[in-house]
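So you can see what is in the structure, the chains are spelled out below.
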Amino acid sequence: MCSTIQAAPCSRDLNNDGRQELIVVRTTAPLLFLNLGGAKFHLQPDAFGFAQPPQGTFTGASLGEYDHDGWLDIYFCVYSFYQGLDQYRYPTPYFDRPERTSQLLPAQQPRRHL
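Read on for a plain summary of the structure. The residue numbering used here restarts from 1 in each chain and proceeds along that chain's sequence as written. Local features in a predicted model are, by the rule used here, given only for residues with pLDDT of at least 70; side-chain atom pairs are given and counted only at 80 or more, and totals for whole chains, interfaces and linings are based on all residues. Hydrogen atoms and water are omitted, and side-chain values are computed over all heavy atoms in the structure.

Before going further, it helps to spend a moment on the environment of Phe50. Secondary structure follows DSSP: runs of H or I at least 4 residues long count as helices, runs of E at least 2 residues long count as strands, and numbering of each begins at the N terminus. In this fold, Phe50 is placed in the loop between strand 5 (40-43) and strand 6 (57-64). Any two residues having at least one pair of non-hydrogen atoms within 4.5 Å are treated as being in contact. In contact with Phe50, other than residues within four places in its own chain, are Pro30, Phe58 and Phe76.

In structure tokens form, the structure reads like this:
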């Protein structure tokens, strides 16, 4: 696993050619450098096609063979600040079953003074 606050490199053979590619996880976006051999690398622009632009700060990456297709899979961790309910445009587990919210978030319950 690669983890960082500023930037961190990861090296893995991503295209199964026997050479280690270089991923640099930066806070703004990850970069991919393809290994051309002979200690030469090429920056692959737009290597990571996100369905939606990530909102937050990249904090790390993890690589592994998750779906058993023979290719390494990459998981990027992105941290974002809580800005209120308006920032979410999809259901979260807390809203799927409102009656259980108090069980999931005990710290949110008002304190009773004795």
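Further remarks concern the sheet that holds strand 4 (residues 30-37). Spatially, 2-3-4-5 is the arrangement adopted by the four strands of the open sheet, whose pairing is antiparallel. Of all the strands in the sheet, the pair left with one neighbour each is strand 2 (7-12) and strand 5. When strand polarity is set aside, the average angle formed by the axes of neighbouring strands in this sheet is 25°. DSSP calls a pair of strands paired once it identifies at least 2 bridges connecting them. Where strand 3 (residues 21-26) lies against strand 4, four bridges are found, and the strand directions are antiparallel. Bridged to Val25 within strand 4 is Pro30. Orientation is described by axes fitted as lines to C-alpha atoms, over the contacting stretch for helices, and by angles from 0 to 180 degrees between their N-to-C directions.

This part is about the packing of aromatic side chains. Two rings from Phe, Tyr or Trp (for Trp, the six-membered ring) form a pair when their centres are within 6.5 Å of each other. A pair whose planes differ by under 30 degrees is stacked, one over 60 is edge-to-face, and the rest are tilted. Taken as a whole and assessed by the stated rule, the structure comprises four aromatic pairs. Each ring, one from Phe58 and one from Phe76, has its centre 5.8 Å from the other, and the planes form 90°; the classification is edge-to-face. Here the residue Phe58 occupies a position in strand 6, and Phe76 occupies one in strand 7 (residues 73-79), the gap between them amounting to 18 residues. Whether a residue is buried, partly exposed or exposed follows from its accessible area with a 1.4 Å probe, protein chains only, as a fraction of its type maximum: under 20%, in between, or over 50%, in that order. Of the residues examined, Phe58 reaches a relative accessible area of 2% and is grouped as buried. Taken together, the ring pairs connect Phe48, Phe50, Phe58 and Phe76 into an aromatic cluster.

Now for the nonpolar core. Note that soluble globular proteins tend to have their nonpolar side chains buried in a common cluster. The nonpolar core is taken to be a set of buried Ala, Val, Leu, Ile, Met, Phe, Trp, Tyr and Cys residues, with the residues joined through side-chain atoms within 4.5 Å. The biggest cluster of nonpolar side chains holds ten residues, and these are Cys10, Leu14, Ile23, Val25, Leu32, Phe48, Phe58, Ala61, Leu63 and Phe76. For this core, the secondary structure elements donating two or more residues are strand 3 and strand 6. Ranked by residues supplied to this core, first place goes to strand 6 with three residues. Non-local contacts of Leu32, meaning those with residues more than four positions away in its chain, are made with Leu14, Glu21, Leu22, Ile23, His42, Leu43, Gln44, Ala47 and Phe48.

On to the pattern of salt bridges, then. The rule for a salt bridge is simple: a side-chain nitrogen of Lys or Arg has to be within 4 Å of a carboxyl oxygen of Asp or Glu. Taken as a whole and assessed by the stated rule, the structure comprises one salt bridge. For Asp17, the salt bridge goes to Arg19, with nearest N and O atoms at 3.2 Å. Residue Asp17 is classed as partly exposed on the basis of its relative accessible area, which comes to 32%. For Arg19, a relative accessible area of 34% corresponds to the partly exposed category.

A few words now on unusual backbone geometry. The backbone of Asp46 shows a phi angle near 50°, a positive value even though the residue is not glycine. If you check the backbone angles, His68 has positive phi at about 60° while not being a glycine. Checked against the element boundaries, His68 lands in the loop between strand 6 and strand 7.

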